[in-house]
Amino acid sequence: MGGFMKQGKITLLKVAVYVIGVVILCLCIFALPSLAKDSAQMNPEFAYLQYPVLIGLYLTAIPFYYALYQALKLLSYIENNNAFSELAVNTLGTIKHCASIISVLYVLGMIILGTQNALHPGIAIIGLVIVLTSIVILLFTAVLQELLKNVLKIKSENDLTI
């Protein structure tokens, strides 16, 4: 029964990762272009920012999707009883780096928009939420990575003493 519950939780997490990926992909394909077009029409003085902002948002999708892929790899390691491995440590490190890249890109984007007097308060709030969420993910994965390194070190020391 315990294995079934573990498998169910892992499957649920994998489904959640896929759903998040599909939702963001739909936003990137359908919502962002029309939103950018509408914003450019409503604010013609900022129309020149339409494509740079879209490109910037699409750039942030690259580390986002790579982090989702790494999360799926991590879940596979857990599923195969390989959670306490260097592979898992490296995967957490990659997720941490993706979160930091996303944070930096959004901060840079908000600075650029601010210098152009184009940083609407609503956009600033959304950007800040994304930056803070990325920082939380960065910190959480960094802590998990360190814990896992310590577990592996203790395991290695115990293997040597046996």
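Just above sits the structure.
Bear in mind the structure is a predicted one, so any value in this text is a computation, not a measurement. (Residues numbered from 1 in each chain as written. Predicted model: local features only at pLDDT ≥ 70, side-chain atom pairs only at ≥ 80, totals over all residues. Heavy atoms only, no water.)

Structural notes on the overall build of the chain
For the chain, the helix and strand inventory stands at four helices and zero strands. Mapped from its N terminus to its C terminus, the chain presents α and β elements in the order α-α-α-α. Taken across its 162 residues, the chain has 27% of its residues classed as buried. Carbon together with sulfur atoms contributes 75% to the accessible area of the chain, which is approximately 10,700 Å² in total. For the chain, the distance from the average position of its 9 positive side-chain charges to the average position of its 7 negative side-chain charges is 6 Å. (Helix = DSSP H or I, 4+ residues; strand = E, 2+ residues; numbered from the N terminus. Buried < 20%, exposed > 50% of the residue type's maximum accessible area, 1.4 Å probe, protein only. Areas by Shrake-Rupley, 256 points an atom, 1.4 Å probe, with all protein chains shown as cover. Lys, Arg positive; Asp, Glu negative; His and termini not counted. Charge placed at Lys NZ, Arg CZ, Asp CG, Glu CD.)

Some thoughts on unusual backbone geometry
With a phi angle near 55 degrees, Asn-81 is a residue other than glycine that sits in the positive phi range. Mapped onto the elements, Asn-81 comes out in the loop between helix H2 (50–79) and helix H3 (86–115). A relative accessible area of 64% means that Asn-81 is categorised as exposed. Positioned with a positive phi, Asn-117 is a non-glycine residue whose angle comes to about 55 degrees. Mapped onto the secondary structure, Asn-117 falls in the loop between H3 and helix H4 (121–161).

Observations concerning the pattern of salt bridges
Once their charged atoms are close, side chains differing in charge can pair, the charge on each being opposite to the other. Enumeration according to the criterion identifies three salt bridges in this entry. Among the ionic pairs, Glu-146 bridges to Lys-149, the shortest N-O distance being 3.5 Å. Of the two residues, Glu-146 and Lys-149 both sit in helix H4, three residues apart, roughly one turn of that helix. (Salt bridge = Lys/Arg side-chain N within 4 Å of Asp/Glu carboxyl O.)

Topic: H2
The first and last C-alpha atoms of H2 sit 43 Å apart over 30 residues, in line with the 44 Å expected at 1.5 Å per residue. Once H2 ends, the next one or two residues include Asn-81, with phi positive near 55 degrees. (Expected span 1.5 Å × (residues − 1).)

Brief notes about the packing of H3 against H4
At a minimum axis separation of 8 Å, H3 and H4 run at an interaxial angle of 160 degrees. With respect to H4, the element H3 is oriented roughly antiparallel. Viewed along their axes, H3 and H4 form a crossing whose handedness is left-handed. Here the contact of H3 with H4 is composed, by residue class, of 22 nonpolar, seven polar and three charged. (Axes fitted to C-alpha atoms, helices over the stretch in contact; angles between N-to-C directions. Parallel < 35°, antiparallel > 145°, perpendicular 65-115°, else oblique. Left-handed = near helix turned anticlockwise from the far one by under 90°. Nonpolar A, V, L, I, M, F, W, Y, C, P; charged D, E, K, R; others polar.)

Focus: the packing of aromatic side chains
Taken as a whole and assessed by the stated rule, the structure comprises two aromatic pairs. Here Phe-64 and Tyr-65 contribute two aromatic rings whose centre-to-centre distance is 5.3 Å and whose plane-to-plane angle is 80 degrees, an arrangement assigned as edge-to-face. Take Phe-64: its relative accessible area is 22%, and that puts it in the partly exposed class. (Phe/Tyr/Trp six-rings, centres within 6.5 Å; stacked < 30°, edge-to-face > 60°.)

Some thoughts on the environment of Tyr-58
Structurally, Tyr-58 can be placed in helix H2. Look at Tyr-58 and you get partly exposed, because its relative accessible area is 31%. Contacts of Tyr-58, omitting those with residues within four sequence positions, involve Cys-28, Leu-32 and Pro-33. Within the structure, Tyr-58 has its side chain in polar contact with the backbone oxygen of Cys-28 (distance 2.6 Å). (Contact = heavy atoms within 4.5 Å. Polar contact = N/O pair within 3.5 Å; in protein donor to acceptor, adjacent residues only side chain to side chain.)

Remarks on the packing of H2 against H3
At a minimum axis separation of 9 Å, H2 and H3 run at an interaxial angle of 165 degrees. In this view, H2 runs roughly antiparallel relative to H3, as classed from their interaxial angle. Crossing handedness for the pair H2 and H3: left-handed. When grouped by side-chain class, the residues that make up the contact of H2 with H3 number 20 nonpolar, four polar and one charged.

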